[in-house]
Amino acid sequence: MAVQTRQDLQALPKIDLHRHLEGSVRPATFLEIARTRHIPLPTDDLEGLCRLIQVTDDPPDFLQFLSKFDLFRGFWPDREAIERVAFEAVEDAAQDHVVYLELRYAPVHFARKSCFRAKDVIEWVTAGARCAAAQYGLRVEFIATVARHYPLEVNLPGIEAVLEMGRDRFVGFDVAGDEIHFPLDPFEPYLRRVKEIGLGLTLHAGEAGGAGNVRQAIERFQAERIGHGVHVIQDESTVQLALQRGVTFEMCLTSNLQTATVPSLALHPAKDLLDRGLCITLNTDDPSISRTNLTREWELALSEARFLPSDLLTVSRNAVQAAFLPEREKSKIRQILLRIPNYGQKESGLPGPVS
Ligand SMILES: [Zn+2]
């Protein structure tokens, strides 16, 4: 079997380290929740709603992309809705043959509208996602996200809940959002505490912003992973720093195109950086908003971003290595990958075993 068709790619086991729950909500589910709770939306039509919450014919633009989250922000009405979208996000990943998923979300995103306690939201998301993970036989862990474009006082209830619950509920911590207009400084003391309690740290940087943000994330905040980091290519000394520190880059091709981080996938630097030995991984970011999945991202990597089939093995190996898990747990993930039929048989054009 050579990797030729979407079905071939779909059948391969995958790891997604960078997927936002907020960007994984099925439009039909969103509409149904609104209808059954009598929550008014700007449109009652699924197609019209998709244009508001998904990237359709929008021009590539970072802030336009972020605006796709607007309708979700003041929405979440109850526990059942939150558990449902968490379940479905993992269900969608399972159907895409993701075997290990680090799902990230901001507790306050789901808590704010209805004044839920952040800790309760965390329990509901965990319950919904773990239920799907058990049903479909994949592993899911969680990364807590804060949006840097919201004031610290808005983010604080979520941060405090995460620090209190720590590794019982999360493996990592992330700062996302508008890196052009909002520096990380207000979050610095909390990022230190996150590391003290043993959570992995990944920071969105070098997406809308430049290589300087990637350098800052690595040097000042000691991030082990960078969300996107595409613009690291603009500064050789930062590439060298990332190589020396073994920093992982969570790249997301479709998202990077839609946010105008790159002008085209042919010009995406992921392949060049991979060939230079940087720890590159491929992920989905916001599969529903971007109307993609990891199979589609792999397909685009091969067809447009100059990846070779063997590179899919490398990014999978990198993803296992970079997972926010203890080494013995990573070994289990590798064993899961090896149990999948054909995955261990190295043939021409087909990724071999992840080791
Ligand atoms: Zn992201």
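Residues numbered from 1 in each chain as written. Predicted model: local features only at pLDDT ≥ 70, side-chain atom pairs only at ≥ 80, totals over all residues. Heavy atoms only, no water.

(A) Quick look at helix 17 (residues 309–322). Between its first and last C-alpha atoms helix 17 spans 21 Å; for 14 residues at 1.5 Å apiece the expected length is 20 Å, and the two agree. All of the buried residues along helix 17 are Asp311, Leu312, Leu313, Val315, Ser316, Asn318, Ala319, Val320 and Ala322. (Helix = DSSP H or I, 4+ residues; strand = E, 2+ residues; numbered from the N terminus. Expected span 1.5 Å × (residues − 1). Buried < 20%, exposed > 50% of the residue type's maximum accessible area, 1.4 Å probe, protein only.)

(B) Just the coordination of the zinc ion, in detail. Taken together, the protein ligands of the zinc ion are His18 (NE2), His20 (NE2), His204 (NE2) and Asp285 (OD), with distances of 2.1 to 2.3 Å. For the zinc ion, the 4 donor atoms in the first shell make angles of 83 to 166 degrees at the metal, so the coordination geometry reads as irregular. Look at where the donors of the zinc ion fall in the sequence and you get H-x1-H-x183-H-x80-D. Separated by 265 residues along the polypeptide, histidine 20 in strand 1 (residues 14–20) and aspartate 285 in the loop between strand 8 (279–282) and helix 15 (287–290) bring together distant segments of the chain. Aspartate 285 sits in the buried class, given a relative accessible area of 2%. (Donors = N, O, S within 2.8 Å, 3.2 Å for Na, K, Ca; no water. Tetrahedral: all angles 85-135°; square planar, octahedral: opposite > 155°, others 65-115°.)

(C) Structural detail: unusual backbone geometry. If you check the backbone angles, histidine 228 has positive phi at about 75 degrees while not being a glycine. Structurally, histidine 228 is set in strand 6 (residues 225–228). You will see that aspartate 285, though not glycine, has its phi angle at about 70 degrees, which is positive.

(D) Here's a closer look at the pattern of salt bridges. Scanning the model with the defined rule gives 37 salt bridges in all. The residue arginine 6 makes a salt bridge to glutamate 299 at a minimum N-O spacing of 2.8 Å. Of this pair, arginine 6 sits in helix 1 (residues 6–11) while glutamate 299 sits in helix 16 (residues 294–303), and the two are 293 residues apart along the sequence. Measuring nitrogen to oxygen at the nearest pair gives 2.9 Å for the salt bridge that ties glutamate 102 to arginine 225. Residue glutamate 102 is found in strand 2 (residues 98–105), and its partner arginine 225 is found in strand 6; the two are separated by 123 residues along the sequence. Across this residue pair, the class does not change: glutamate 102 and arginine 225 are buried. (Salt bridge = Lys/Arg side-chain N within 4 Å of Asp/Glu carboxyl O.)

(E) Inspection of helix 2 (residues 27–37) at higher detail. Three or more residues of helix 2 are buried, namely Pro27, Thr29, Phe30, Leu31, Ile33 and Ala34. Histidine 38 lies just past helix 2 and shows a positive phi near 60 degrees.

(F) Summary view of the pairing of strand 8. Judged by which residues are buried, strand 8 turns out to be covered on both faces: Cys279 and Thr281 on one side and Ile280 and Leu282 on the other are all buried. Bridge count for strand 7 (residues 248–251) against strand 8 is 4 bridges, and the pairing is parallel. Along strand 8, the bridge assignment pairs glutamate 250 with threonine 281. (Pairing = 2+ DSSP bridges.)

(G) Main features of the pairing of strand 5 (residues 200–205). Here strand 5 lies mainly inside the structure; 6 of its 6 residues are buried. On strand 5, burial covers both faces: Gly200, Thr202 and His204 on one face and Leu201, Leu203 and Ala205 on the other are all buried. Summarising the sheet, strand 4 (residues 172–176) and strand 5 pair through 4 bridges and their orientation is parallel. Paired with aspartate 174 across the two strands is threonine 202, which belongs to strand 5. Viewed along the sheet, the connection from strand 4 through helix 10 (residues 188–196) into strand 5 turns out right-handed. Sheet topology places strand 5 next to strand 6; 4 bridges connect them, and they run parallel. (Right-handed = clockwise from strand over helix to strand, strands pointing away.)

(H) Representation of the nonpolar core in the model. Ranked by size, the top nonpolar core spans 89 residues in total, and within it Trp76, Val90, Phe173, Leu203, Ile226 and Phe249 carry the most contacts. Counting 11 residues, the second-largest nonpolar core is a separate cluster that includes Val99, Ala322, Leu325 and Ile333. (Core = buried A, V, L, I, M, F, W, Y, C linked by side-chain atoms within 4.5 Å.)

(I) Spotlight on the packing of aromatic side chains. Applying the stated criterion to the full structure yields 11 aromatic pairs. Both rings, one in phenylalanine 75 and one in tryptophan 76, keep their centres 5.1 Å apart while their planes meet at 85 degrees; by these two values the pair is edge-to-face. Using a relative accessible area of 3% as the deciding quantity, one classes phenylalanine 75 as buried. Between phenylalanine 116 and tryptophan 124, the ring centres sit 4.9 Å apart and the planes meet at 80 degrees, which makes this aromatic pair edge-to-face. Residue classification places tryptophan 124 among the buried residues on the basis of a relative accessible area of 11%. An aromatic cluster of three or more residues is present, and its members are Phe30, Phe72, Phe75, Trp76, Tyr105, Phe110, Phe142 and Phe170. The lysine or arginine in question, lysine 14, covers the ring of tryptophan 298, its NZ or CZ lying 5.5 Å from the ring centre. (Phe/Tyr/Trp six-rings, centres within 6.5 Å; stacked < 30°, edge-to-face > 60°. Lys NZ or Arg CZ within 6 Å of the ring centre and 35° of its normal.)

(J) Structural context of the packing of helix 2 against helix 6 (residues 79–95). As a packed pair, helix 2 and helix 6 sit with axes 11 Å apart at the nearest point and diverge in direction by 165 degrees. In terms of axis orientation, helix 2 runs roughly antiparallel to helix 6. The handedness of the crossing between helix 2 and helix 6 is right-handed. Across the interface between the two elements, Thr29, Glu32, Ile33 and Arg37 of helix 2 pack against Glu80, Ala81, Arg84, Val85 and Glu88 of helix 6. Here the residues of the contact of helix 2 with helix 6 sort into 3 nonpolar, 1 polar and 5 charged. (Axes fitted to C-alpha atoms, helices over the stretch in contact; angles between N-to-C directions. Parallel < 35°, antiparallel > 145°, perpendicular 65-115°, else oblique. Left-handed = near helix turned anticlockwise from the far one by under 90°. Contact = heavy atoms within 4.5 Å. Nonpolar A, V, L, I, M, F, W, Y, C, P; charged D, E, K, R; others polar.)

(K) The arrangement of the confidence of the model for the protein chain in detail. Per-residue confidence for the protein chain gives a mean pLDDT of 92; residues scoring 70 or more make up 94%. Taken as a whole, residues 347–355 scores under 50 in pLDDT and shows 34 contacts with residues more than four places along the chain or in a different chain. (pLDDT = per-residue confidence, 0-100.)

(L) Structural context of the packing of helix 11 (residues 211–219) against helix 12 (residues 236–245). Interhelical geometry of helix 11 versus helix 12 gives an angle of 30 degrees and a closest axis separation of 10 Å. In terms of orientation, helix 11 and helix 12 fall into the roughly parallel class. Crossing geometry of helix 11 relative to helix 12 is assigned as left-handed. Each of Ala211, Val214, Arg215, Ile218 and Glu219 in helix 11 lies in contact with helix 12, whose residues at this interface are Ser237, Thr238, Leu241, Ala242 and Arg245. Across the contact of helix 11 with helix 12, the residue classes break down as 5 nonpolar, 2 polar and 3 charged.

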